[in-house]
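Close look at the chain arrangement
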Amino acid sequence: MRKLAILGGPSAFAEALHVGRPNMGDKTRLMQRIQAIVDGGWLTNRGPSVVEFERQVGELIGVKHCIAVCNATVGLEIAIRAAGLRGEVIVPSYTFIATAHALQWQEITPVFCDIDPASHNIDPKLVARIITPRTTGLIGVHVWGRPCDVDALQDIADHYELTLLFDAAHAFNCSHKGRMIGTFGKAEVFSFHATKVINTFEGGAIVTNDDQLAGRARLMQNFGFRGYDDVVELGTNGKMSEVAAAMGLNGLEAINGLVAKNHANYEAYLSCLGAVPGLSLIPYDHREKNNYHYVVAEIDEGESALSRDELIAVLHAENVLARKYFWPGCHNMMPYKRLFPDAGILLPATEALAGRVMVLPTGTDVGEADVATIGRIIGEALANAREVRLALKSSPLLSAPHSLISKFDARFPRFDPSRRIL
Ligand code: T4K
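Residues numbered from 1 in each chain as written. Predicted model: local features only at pLDDT ≥ 70, side-chain atom pairs only at ≥ 80, totals over all residues. Heavy atoms only, no water.

1. With respect to helix H2 (residues 48–61)
The end-to-end C-alpha distance of H2 is 20 Å, a good match for the 20 Å that 14 residues give at a rise of 1.5 Å each. All buried positions along H2 are accounted for by Ser49, Val50, Phe53, Glu54, Val57, Gly58 and Ile61. Looking down the long axis of H2, one finds its buried residues gathered within 160° of arc, a one-sided arrangement. H2 presents Pro48 and Glu59 as exposed residues on the side facing more than 90 degrees away from its buried surface. Positive backbone phi, at 80°, marks Gly62, one or two positions downstream of H2. (Helix = DSSP H or I, 4+ residues; strand = E, 2+ residues; numbered from the N terminus. Expected span 1.5 Å × (residues − 1). Buried < 20%, exposed > 50% of the residue type's maximum accessible area, 1.4 Å probe, protein only. Arc of directions from axis to C-beta.)

2. A word on the side chain of Lys239
With respect to the element layout, Lys239 can be found in the loop between strand S12 (230–231) and helix H7 (242–273). We note that Lys239 is buried and unpaired, the nearest opposite charge coming from Glu242 at a distance of 11 Å. Looking at Lys239, its side chain comes within polar contact range of the side chain of Asn45, at 2.5 Å. Those residues in contact with Lys239, other than ones at most four positions away along the chain, are Thr44, Asn45, Val69, Cys70, Gln221, Asn222 and Phe223. (Lys, Arg positive; Asp, Glu negative; His and termini not counted. Salt bridge = Lys/Arg side-chain N within 4 Å of Asp/Glu carboxyl O. Polar contact = N/O pair within 3.5 Å; in protein donor to acceptor, adjacent residues only side chain to side chain. Contact = heavy atoms within 4.5 Å.)

3. Thoughts on the nonpolar core
If you look at the biggest cluster of nonpolar residues, it comprises 102 residues, and the most contacted ones within it are Ile6, Phe53, Trp144, Phe172, Met358 and Leu360. Residue contributions to this core peak at 12 residues, all from H7. Setting aside its immediate chain neighbours within four residues, Phe172 contacts Val57, Leu60, Ile61, Phe190, Phe192, Val197, Ile198, Leu252, Ile255 and Asn291. The next biggest cluster of nonpolar side chains, apart from the first, holds 32 residues, and it includes Ala72, Ile108, Ile206 and Leu347. (Core = buried A, V, L, I, M, F, W, Y, C linked by side-chain atoms within 4.5 Å.)

4. Some remarks on empty space enclosed by the protein
Evaluated as defined, the whole model comprises 2 cavities of 30 Å³ or more. For the largest cavity, the calculated volume is near 50 Å³. Every residue along the wall of the largest cavity is listed here: Ala169, His170, Phe172, Ser191, Phe192, Lys196, Val197, Ile198, Asn291, His293 and Tyr294. Of the residues assigned to the lining of the largest cavity, the class counts are 6 nonpolar, 4 polar and 1 charged. Inspection of the lining of the largest cavity shows a minimum of three residues originating in each of domain 1 (27–249) and domain 2 (255–415). Phe112, Cys113, Asp114, Leu126, Arg129, Ile130 and Leu346 together form the lining of the second largest cavity. Grouping the constituent residues of the lining of the second largest cavity by class yields 5 nonpolar, no polar and 2 charged. (1 Å grid on protein atoms, 1.4 Å probe; cavity = no way out; pocket = protein on both sides within 12 Å on 5 of 7 lines; lining within 4 Å. Points joined across faces, edges and corners; volume = space filled by probe spheres on them. Nonpolar A, V, L, I, M, F, W, Y, C, P; charged D, E, K, R; others polar. Domains from an automatic or database assignment.)

5. Notes on the packing of aromatic side chains
Within the structure shown, the criterion is met by 16 aromatic pairs. Pairing Trp144 with Tyr294 gives two aromatic rings, centres 5.3 Å apart and planes at 55°, and the pair type is tilted. One end of the pair, Trp144, is in the loop between strand S5 (135–141) and helix H5 (150–160); the other, Tyr294, is in the loop between strand S13 (279–281) and strand S14 (295–299), and 150 residues separate them in sequence. Pair check on accessibility: Trp144 and Tyr294 agree, each one buried. Pairing Phe190 with Phe192 gives two aromatic rings, centres 6.3 Å apart and planes at 35°, and the pair type is tilted. Across this residue pair, the class does not change: Phe190 and Phe192 are buried. These aromatic residues form a ring-pair network of at least three members: Tyr94, Phe96, Trp144, Tyr294, Tyr325 and Phe326. We note Lys324 situated over the ring of Trp327; from NZ or CZ to the ring centre the distance is 4.2 Å. (Phe/Tyr/Trp six-rings, centres within 6.5 Å; stacked < 30°, edge-to-face > 60°. Lys NZ or Arg CZ within 6 Å of the ring centre and 35° of its normal.)

This is the structure in structure tokens:
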């Protein structure tokens with residue numbers, strides 16, 4: 001059997017396996033679409049590709065309004081402003097930093113709520129205790145595409161007269177109780193970043209059934225213009241470009257295949273890691289629509305022979321770039337750790353989860369044989385935990401795995417920054 005790389009063997013993968021490699025769909029179709037855009041000379045400002053992308057997303061989700069935007073962060077900022085939020089808004093800390101920044105950027109205070117360790121989502125039972133007279137809203141995040149407890153959150157919002165929004169960045173093509181995510185709360189925001197199940201290079205969408213919010217968001221996204229020379233709102237530039245929408249249309253065409261691939265990889269991971277002591281893969285509710293876009297393992301340090309960080313170091317040595325999303329939690333990042341240095345006291349479940357999650361590579365670039373190899377690496381590392389731990393003591397991979405991976409060398413070994421871009 002091959003020696004583990006951390007013990008001096010060669011890396012299992014010559015090229016890095018990433019979490020978040022873009023799904024492209026049919027590349028020939030994409031190039032045709034881009035060619036048509038270039039030939040047509042209409043590049044942005046709600047051209048035909050954006051209009052069609054919005055129509056198709058709206059139809060798939062079953063929602064009245066879809067406003068395509070340049071990314072989900074700006075989408076969240078616009079939705080928050082269009083919904084009239086101010087003062088304090090309750091959000092989970094266990095999320096990508098964009099959720100909190102979209103508030104703080106407009107001088108609204110994010111108040112961090114702890115999560116339910118089973119769902120990884122904001123725990124509705126804990127929301128009421130952090131509502132103050134300044135609270136105007138709640139933002140739930142459907143982490144990994146698994147729905148928040150939307151009914152309980154809506155009840156709280158109704159009871160306290162708060163506005164409920166959802167960060168649905170992970171949850172495109174997912175459902176809750178048979179209803180598509182994107183139709184809950186006052187509005188939801190999808191991300192179509194390069195790393196998402198379908199992408200528009202950068203991009204996102206605000207989706208809502210609320211006519212008033214949709215109208216405001218549409219204006220705000222385009223500087224507040226109602227027509228030529230007629231600005232009626234404070235706005236920004238949140239528009240999606242035509243090439244971005246072309247990529248999105250490509251993704252929509254391919255979505256069933258992409259989800260099937262993710263699902264197959266998820267099942268392959270389950271079959272090789274399902275019985276490993278101390279390691280559990282988060283389950284998806286198979287009665288619902290899922291995009292299976294994240295393969296998330298939780299490492300229980302009490303039971304596992306190696307910790308999460310040790311396993312990640314082992315995998316990185318093999319060129320498997322597993323990630324520890326969302327470590328260390330938003331409240332432990334700037335500016336929040338300066339503004340709220342004691343926030344962690346009320347966030348024990350967030351801190352514990354952030355310390356045990358390991359996200360594994362999947363998507364079209366990852367084959368089932370790759371998954372089997374990753375399973376073998378983890379199994380072998382755990383079986384030789386003492387030896388591995390000793391080797392890790394002298395390896396910089398454990399103390400600072402990410403410092404060894406600069407964006408454009410180890411991650412993209414064939415990327416040469418001096419190369420001419422045509
Ligand atoms: N809310 C939530 C809950 C979110 O998760 C996100 C974004 C947002 C809001 C905001 O959405 P956007 O404004 O981005 O639309 C990545 C993504 O950049 C980010 O979009 C995503 N969540 C987050 C979970 O993951 P990083 O900092 O981990 O990105 P990075 O550059 O390390 O890329 C991840 C991996 O993907 C790399 O190891 C390699 C691979 N990759 C990435 C890019 C950009 C590629 O292979 N090709 C690429 O072009 O945040």
